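Okay, here's what each chain looks like letter by letter:
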Amino acid sequence: MKKILTSLLFLLLLSVAASAQRNLRCYPVFRGKVVPGKQMVVTEVRGSSMATYKLDYYRGVSFQVEADLAGKVAALVEQDAANAAVKETEKVGDMLTYALVQPASSGKMNRYLCYQARQVGDKWKVTLLYLEGEATLEDLRSMFDKQ
């Protein structure tokens, strides 16, 4: 019985995190709808291992794509940034290369969208993160080093 309750609680927490992500324009990127899933490296971490970082949930995708597809992803992140409570962005030419976006919080939980893109030869290496937890923007700035 205890295993069933634990499993149900875990599923409930996953659905809450997924619903918070659905409010983002870049949500389809995380779902493999913009960049094919087989081209992405996906990382998802939840629980006590994230406590050191003051986070409860971490979801990241990274991939290498041509400039046009990288531009589509960047445009989605820019739309999220346009509607965000707090945002930091940087561009090289017309291409968004860095973003730290804080969408509206849901309750006591802070939410963040982190984006980085850099050109590697004729492709773009893109990393997109969705984070939830008590971490502040200052906490994230100290964790992430802009490249």
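Residues numbered from 1 in each chain as written. Predicted model: local features only at pLDDT ≥ 70, side-chain atom pairs only at ≥ 80, totals over all residues. Heavy atoms only, no water.

**Structural notes on the overall build of the chain**
The helix and strand tally for the chain stands at 4 helices and 6 strands. Counting from the amino terminus, helix and strand elements in the chain follow one another as α-α-β-β-α-β-β-β-β-α. The buried share among the 147 residues of the chain stands at 39%. By sequence separation, contacts in the chain at least 24 residues apart represent 53% of the contacts at least 6 residues apart. (Helix = DSSP H or I, 4+ residues; strand = E, 2+ residues; numbered from the N terminus. Buried < 20%, exposed > 50% of the residue type's maximum accessible area, 1.4 Å probe, protein only. Contact = heavy atoms within 4.5 Å.)

**Some words on the packing of aromatic side chains**
Summed over the entire model, instances satisfying the criterion amount to 1 aromatic pair. A centroid spacing of 6.1 Å and a plane angle of 65° characterise the contact between tyrosine 57 and tyrosine 130, whose relative ring orientation is edge-to-face. Here tyrosine 130 lies in strand E6 (residues 123–133) and tyrosine 57 lies in strand E2 (residues 55–65), a separation of 73 residues in the sequence. Across this residue pair, the class does not change: tyrosine 57 and tyrosine 130 are buried. (Phe/Tyr/Trp six-rings, centres within 6.5 Å; stacked < 30°, edge-to-face > 60°.)

**Side note on the confidence of the model for the chain**
Detail in the predicted coordinates should be disregarded across regions flagged by low pLDDT. The share of residues in the chain with pLDDT of 70 or more is 82%, and the mean pLDDT across the chain is 84. This stretch, residues 1–20, has a pLDDT under 50; its non-local contacts, to residues over four places away or in other chains, come to 12 contacts. (pLDDT = per-residue confidence, 0-100.)

**A few points about the nonpolar core**
Core analysis: the biggest nonpolar cluster contains 29 residues, and Cys26, Phe63, Tyr115 and Leu128 have the highest contact counts within it. Residue assignment for this core shows that the elements contributing at least two residues are helix H2 (27–30), E2, helix H3 (67–82), strand E4 (95–102), strand E5 (110–120) and E6. Here this core gets 7 residues from one element, more than from any other, and that element is H3. Counting residues in hydrophobic clusters, the runner-up holds 11 residues, among them Met50, Tyr98, Leu100 and Leu131. (Core = buried A, V, L, I, M, F, W, Y, C linked by side-chain atoms within 4.5 Å.)

**Observations regarding the sheet that holds E4**
Taking strand neighbours across the sheet as the criterion, the 6 strands line up as E1-E2-E6-E5-E4-E3 in an open arrangement whose pairing is antiparallel. The outermost strands of the open sheet, each flanked by one partner alone, are strand E1 (41–46) and strand E3 (86–92). Neighbour-to-neighbour, the strand axes of this sheet turn through a mean angle of 10°, independent of strand direction. Its contacts with the sheet place H3 against E2, E3, E4, E5 and E6, and it is angled at close to 30° to E4. (Pairing = 2+ DSSP bridges. Axes fitted to C-alpha atoms, helices over the stretch in contact; angles between N-to-C directions.)

**Side note on a nonpolar patch on the surface**
On the surface, a cluster of nonpolar side chains totalling about 260 Å² of accessible area is made up of Tyr53, Met143 and Phe144. Along the chain, phenylalanine 144 turns up in the segment after helix H4 (137–143). Relative accessible area serves as the criterion here: at 35%, phenylalanine 144 is assigned to the partly exposed category. (Patch = residues over 30% accessible without salt bridge, like charges linked within 9 Å, V, L, I, M, F, W, Y side chains within 5 Å. Areas by Shrake-Rupley, 256 points an atom, 1.4 Å probe, with all protein chains shown as cover. Salt bridge = Lys/Arg side-chain N within 4 Å of Asp/Glu carboxyl O.)

**Concerning the side chain of threonine 97**
Position of threonine 97 relative to the elements: it lies in strand E4. For threonine 97, a relative accessible area of 13% translates into the label buried. Residues in contact with threonine 97, not counting those within four places in the same chain, are Glu90, Lys91, Val92, Tyr115, Gln116, Ala117 and Trp124.

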